[in-house]
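# Structure assessment
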Amino acid sequence: MKALILFVFFISMAQVQAFTLNNSATLTFNKNEVKVNIGNASGRPCTNIGVDENELLSIVSDAVDQYWNRAPTSRLKLRAGSVKSVAAAYGTGDICNSGTSCDPNPALAVDSDILIVCNGDPSDHNFSSAGVLAITVPNNISGKDILGSLIMINDKTTNQFKYKSRDEKISIIAHEIGHAFGLGHSPVKDSLMYYATVNMRKFLGADDIDGISYLYPKQQPVTCGSVDLNPDKKNPNTWLGLFIGFVLIALLNQLRYLKLRPRF
Ligand SMILES: [Zn+2]
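Computed from a predicted structure; not experimentally measured. (Residues numbered from 1 in each chain as written. Predicted model: local features only at pLDDT ≥ 70, side-chain atom pairs only at ≥ 80, totals over all residues. Heavy atoms only, no water.)

Here the focus is helix 4 (residues 206–215). Of the residues making up helix 4, those classed as buried are Asp 208, Gly 211, Ile 212, Ser 213 and Leu 215. In this structure, the buried residues of helix 4 make contact with strand 2 (28–29). (Buried < 20%, exposed > 50% of the residue type's maximum accessible area, 1.4 Å probe, protein only. Helix = DSSP H or I, 4+ residues; strand = E, 2+ residues; numbered from the N terminus. Contact = heavy atoms within 4.5 Å.)

At this site the zinc ion is bound by His 175 (NE2), His 179 (NE2) and His 185 (NE2), with donor distances of 2.0 to 2.2 Å. Taken in sequence order, the residues that donate to the zinc ion follow the motif H-x3-H-x5-H. Of this pair, His 175 sits in helix 3 (residues 166–180) while His 185 is found in the loop between helix 3 and helix 4, placing the two residues 10 residues apart along the sequence. With relative accessibility at 0%, the residue His 175 sits in the buried group. (Donors = N, O, S within 2.8 Å, 3.2 Å for Na, K, Ca; no water.)

The way to describe two aromatic rings as a pair is by their centre distance and the angle between their planes. Throughout the structure, instances matching the rule amount to three aromatic pairs. Ring centres of Trp 68 and Phe 181 lie 4.9 Å apart, and the angle between their planes is 90°; on these two criteria the pair is classed as edge-to-face. On the criterion of sequence distance, the pair formed by Trp 68 in the loop between helix 1 (53–66) and strand 4 (77–86) and Phe 181 in the loop between helix 3 and helix 4 is long-range, its members being 113 residues apart. Each member of the pair, Trp 68 as well as Phe 181, carries the same accessibility label: buried. Site record: aromatic cluster; members linked through ring pairs are Trp 68, Phe 181 and Tyr 216. (Phe/Tyr/Trp six-rings, centres within 6.5 Å; stacked < 30°, edge-to-face > 60°.)

By themselves, these observations are geometric and do not establish any function.
Here it is, written out as structure tokens:
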């Protein structure tokens, strides 16, 4: 594959190492619905991260539902896909071929959508320290379209991912999915896409919503805006109240006529 400087993102735990090697291109999926699949590398399943592939898929489902699918001004919908068998290379291979920039390893190109794999990194090239939890690379690009992105979770025996709570794992995966569909890091601390502070990510921040909405704007229908100074006039309860009022007045008048009007 022609050398491209794409994204390589790292997140880690307390002493966060966050690196963004990005060519600043506006790369996006050219469709509105993107699946997030789990790759079960033959002979090299997820063995050290504390969850199996099916639980990882459940975490993905929560990650997209709690975060990205709640951006009201974005057209992108992310779906948890399925657990798929993939080549053994995904569990052992290098995500990048070389260098300070990432030349994506063509052997790990993702055909379509987003693929998450566990990688044991026997060559020690993917995860420079146990604190690096995951790496994400859109590694199948056509023009400015992302065809496929790879999220690689650190599955070395020394990885720190396994010590995270389920909620933290959800936010970590949601963060990586953000990279997979085209976002970089946010400088705003109260953001899912901030490079640090994994623990406090509970919801999308305004900057996250701005980011996904910039990349995947939702087409809003053109409507006429209006302001109604008397909205109650359309409320049927108003008419019902008036009707009951007239009936009561008529009844009281009738009681007065019969000199049976109650005295209070
Ligand atoms: Zn990141």
